[in-house]
Amino acid sequence: MNAVVEAPRAARLPEEALVVDASLLRKYGGAGPRYTSYPTADRFVEAFDGEAHRHWLGHRSVGGFTRPLGLYVHVPFCDTLCFYCACNKIATRDHERAVRYVGYLEKEIALAAAALAPGDRRIVKMHWGGGTPTFLGEEQSERLVSALRAQFDFDPAGEYAIEIDPRKVDAARIRHLAAIGFNRISVGVQDFDPEVQRAVNRVQSIARTREVIDAARASGMRSVNLDLIYGLPKQTAEGFAATLERVIECDPDRIALYSYAHLPKAFKPQRRIHEEDLPTPEAKLELMTGAIRRLAAAGYVYIGMDHFAKPGDELAVAQRKGRLTRDFQGYSSGGDTDLVAFGTSAIGRLGPTYAQNVKTLDEFYTRLDEGVLPTLRGIQLSADDLARRAVIQALASHFRLAKESIELAHLLDFDRYFAWELGELGKLEADGLVELDPEWIQVTPRGRLLVRSVCMVFDKYLRSAGPRAQYSRVV
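This write-up is about the structure you can find in this document. Nothing here was measured: the structure is a model prediction, and the numbers come from that model.

1. Side note on the overall build of the protein
- When helices and strands are tallied, the protein shows 16 helices and 21 strands.
- Against the globule reference of 23 Å for 475 residues, the protein gives a C-alpha radius of gyration of 22 Å, in line with a compact fold.
- Taking the principal axes of its C-alpha atoms as reference, the protein extends roughly 55 × 55 × 45 Å.
- Residues classed as buried in the protein amount to 58% of the 475 residues present.
- Look at the contacts in the protein between residues 6 or more apart in sequence, and 72% of them connect residues 24 or more apart.
- About 19,400 Å² of surface is accessible on the protein, with carbon and sulfur atoms providing 52% of the total.
- Within the protein, one finds 62 positive and 63 negative side-chain charges whose respective centroids are separated by 1 Å.

2. A look at the environment of threonine 444
- Along the chain, threonine 444 falls in the loop between strand E21 (440–443) and helix H16 (451–456).
- For threonine 444, a relative accessible area of 6% gives the class buried.
- For the pair threonine 444 and valine 434, spaced ten residues apart in sequence, the C-alpha separation works out to 5.1 Å.
- Leave out the neighbours within four places in its chain, and threonine 444 touches Gly432, Leu433, Val434 and Glu435.

3. Concerning the environment of glycine 231
- You can see glycine 231 is positioned in the loop between strand E9 (223–230) and helix H8 (237–250).
- Classification of glycine 231 by relative accessible area gives buried; the value is 5%.
- Residues glycine 231 and leucine 278, 47 residues apart in the sequence, show an inter-C-alpha distance of 6.6 Å.

4. Side note on helix H2 (residues 50–58)
- All of the buried residues along H2 are Gly50, His53, Trp56 and Leu57. Take H2 and look down its axis: the buried residues cluster within an arc of 125°, on one side only.
- Here the buried face of H2 lies against helix H3 (96–115), strand E15 (338–342), strand E16 (347–350), strand E17 (353–357) and strand E18 (375–380).
- The N-terminus of H2 is capped by aspartate 49, whose side-chain oxygen sits 3.2 Å from the backbone nitrogen of glutamate 51.

5. Quick notes on the environment of glutamate 363
- Positionally, glutamate 363 belongs in helix H11 (residues 361–369).
- Residues glutamate 363 and threonine 344, 19 residues apart in the sequence, show an inter-C-alpha distance of 8.8 Å.
- Among the polar contacts listed, one links the side chain of glutamate 363 to the side chain of threonine 360, at a separation of 2.9 Å.

6. Digging into the packing of H3 against helix H4 (residues 137–151)
- Put simply, H3 and H4 touch, their axes get as near as 10 Å, and they point 5° apart. With respect to their mutual orientation, H3 and H4 come out roughly parallel. Of H4, the residues touching H3 (which contributes Ala98, Val99, Val102, Gly103, Leu105, Glu106, Ile109, Ala110 and Ala113) are Gln140, Arg143, Leu144, Ala147, Leu148 and Gln151.

7. Remarks on a negative patch on the surface
- The grouping of Glu404, Glu429, Glu435, Asp437 and Glu439 at the surface amounts to a negative patch.
- Along the chain, the position of glutamate 404 falls in helix H13 (residues 403–410).
- On the basis of relative accessible area, glutamate 404 is assigned to the exposed category, the value being 53%.

8. Focus: the packing of aromatic side chains
- The final tally for this structure, using the stated rule, is 16 aromatic pairs.
- With centroids separated by 4.9 Å and ring planes inclined at 75°, the aromatic side chains of tyrosine 417 and phenylalanine 418 adopt a geometry described as edge-to-face.
- Cluster of aromatic residues (ring-pair linked, three or more members): Phe77, Tyr101, Tyr104, Phe135, Phe364 and Tyr365.
- The ring of tryptophan 420 has arginine 463 sitting right over it, with the charged end atom 4.0 Å from the ring centre.

9. Some remarks on the sheet that holds strand E19 (residues 400–402)
- Strand order in the open sheet made by the three strands is E19-E21-E20, with antiparallel pairing throughout. Two strands lie at the open edges of the sheet, namely E19 and strand E20 (434–436), each paired on one side alone. Going from strand to strand, the sheet's axes swing by 10° on average, the running direction of each strand aside.
- Where E20 lies against E21, three bridges are found, and the strand directions are antiparallel. Opposite valine 434, over in E21, you have valine 443 as the bridge partner.
- Sheet contacts for H13: E19 and E21; angle to E19, the most-contacted strand, approximately 50°.
- In the packing of helix H15 (residues 419–430) onto the sheet, the strands contacted are E20 and E21, and the crossing angle to E20 comes to about 125°.

10. Looking at the state of the cysteines
- As enumerated under the stated definition, the model contains zero disulfides in all.
- With no disulfide of its own, cysteine 87 lies 3.8 Å from the sulfur of cysteine 85, the closest cysteine sulfur.

11. Some points on the pairing of strand E10 (residues 254–259)
- Of all six residues in E10, five are buried, a share of seventy percent or more.
- As paired strands, E9 and E10 are joined by six bridges and run parallel to one another. Residue isoleucine 229 lies in a different strand from E10, and its bridge partner there is tyrosine 258.
- Read from E9 through H8 to E10, the crossover connection turns out right-handed.
- The pairing of E10 with strand E12 (residues 307–309) spans three bridges and is antiparallel. What sits directly across from alanine 256, in E12, is histidine 307.

12. Some points on the nonpolar core
- Counting 124 residues, the largest nonpolar core has Trp128, Leu148, Phe152, Phe182, Phe342, Phe414 and Phe458 as its most contacted members.
- Among the elements that make up this core, the one with the highest residue count is H3 (nine residues).
- When sequence neighbours within four positions are dropped, the list of residues in contact with phenylalanine 342 reads Leu71, Tyr72, Val73, His74, Leu105, Glu108, Ile109, Ala112, Leu148, Phe152 and Asn357.

Analysis parameters
Residues numbered from 1 in each chain as written. Predicted model: local features only at pLDDT ≥ 70, side-chain atom pairs only at ≥ 80, totals over all residues. Heavy atoms only, no water. Helix = DSSP H or I, 4+ residues; strand = E, 2+ residues; numbered from the N terminus. Rg over C-alpha atoms; globule rule 2.2 N^0.38 Å. Buried < 20%, exposed > 50% of the residue type's maximum accessible area, 1.4 Å probe, protein only. Contact = heavy atoms within 4.5 Å. Areas by Shrake-Rupley, 256 points an atom, 1.4 Å probe, with all protein chains shown as cover. Lys, Arg positive; Asp, Glu negative; His and termini not counted. Charge placed at Lys NZ, Arg CZ, Asp CG, Glu CD. Arc of directions from axis to C-beta. Polar contact = N/O pair within 3.5 Å; in protein donor to acceptor, adjacent residues only side chain to side chain. Axes fitted to C-alpha atoms, helices over the stretch in contact; angles between N-to-C directions. Parallel < 35°, antiparallel > 145°, perpendicular 65-115°, else oblique. Patch = residues over 30% accessible without salt bridge, like charges linked within 9 Å, V, L, I, M, F, W, Y side chains within 5 Å. Salt bridge = Lys/Arg side-chain N within 4 Å of Asp/Glu carboxyl O. Phe/Tyr/Trp six-rings, centres within 6.5 Å; stacked < 30°, edge-to-face > 60°. Lys NZ or Arg CZ within 6 Å of the ring centre and 35° of its normal. Pairing = 2+ DSSP bridges. Disulfide = S-S within 2.5 Å. Right-handed = clockwise from strand over helix to strand, strands pointing away. Core = buried A, V, L, I, M, F, W, Y, C linked by side-chain atoms within 4.5 Å.

Structural data, given as structure tokens:
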């Protein structure tokens, strides 16, 4: 099954048609990293501790240049457990736990802010993820925002996003989130089919979802994203097509279409999913390709790695202008930024480093009681890491790479330095995934769904003989 999936002509350049080639998806669609970072988090080391993290908070400027700064806050709590979930979360109905957690977040925020250089507290974006961030409730959400604003200077034009479970919020709660500064929401949908919802323990009405979206728009929020998952138990092509129609009626600015990765050995909740209820690989491929066709017909542009956006959305505009980047929250339109992360398991980026927090509440509370940053592990990138990260970022965000840009930024001869990689890319070129010339590497329309596989060519860590993380499939 080969198909050309095109967005309306006004929304794209002629070369931007997306080609779905089933034979290539089968050949190259194996497991691989999502490249929200390079090196990937499984390569972080515990030798990079809280003291190293504190040092880089105060020394993130390189040669007098300092990247803009963003914040990430992880809230691990959920009222109920969705069986498909692979996030770091705690299912509980005890909302008093949020009070203690926010108190410790205040301690972490104060420690991190104190470590930053004087005057280095200007924030251009923020994202709250989970878990379910709205588990905090209005009082604790407002308390946490106040703690952040007390330590940081928020740009009035910045992007401030929060993940929403529409089963647990109403229009009044959305208005409150807008009032305390959030201007973007990401709404979990996954699938509207009642049978699928029961199979994954997430029963959610279309009416309640629409209420949240309408309230966000009425409150002046700048962007609404909906999350979908294909490959869930009980999904059928007909049922998922009906979900897509309801989603398109909701008219979101962005849509994330994720592939369900069934890894029950790694994620305990997934053990409640009956494997015989999962779609076959061929059926899953049909779910994906059908969704891509329908989203393209509705006018959405394929941004890359599961993400779609309206042509006028800031993601699509940033991609056209060469400002799109990829980070731990997916794609970002705000350019290259550092990120200070708060909460259990949260991952941040500072200059040439990444740092991840401890994963359990007990460890988190103990470290902060000791007055130290709750860093579990991290990494300081080598010159080689930085060059490869730049290559992977360019391919993942723009489907093209000017060799000269890497040569000038990293002082290397691209063809000589990446001779092995260019040889491997030659094999992908023979299959039509990329086009190579003396100055450029271009991911073709046929290769865009497989851009993760193209990026993997430049991942030096994948060539090592050491243990690997369990990555999701590329498609």
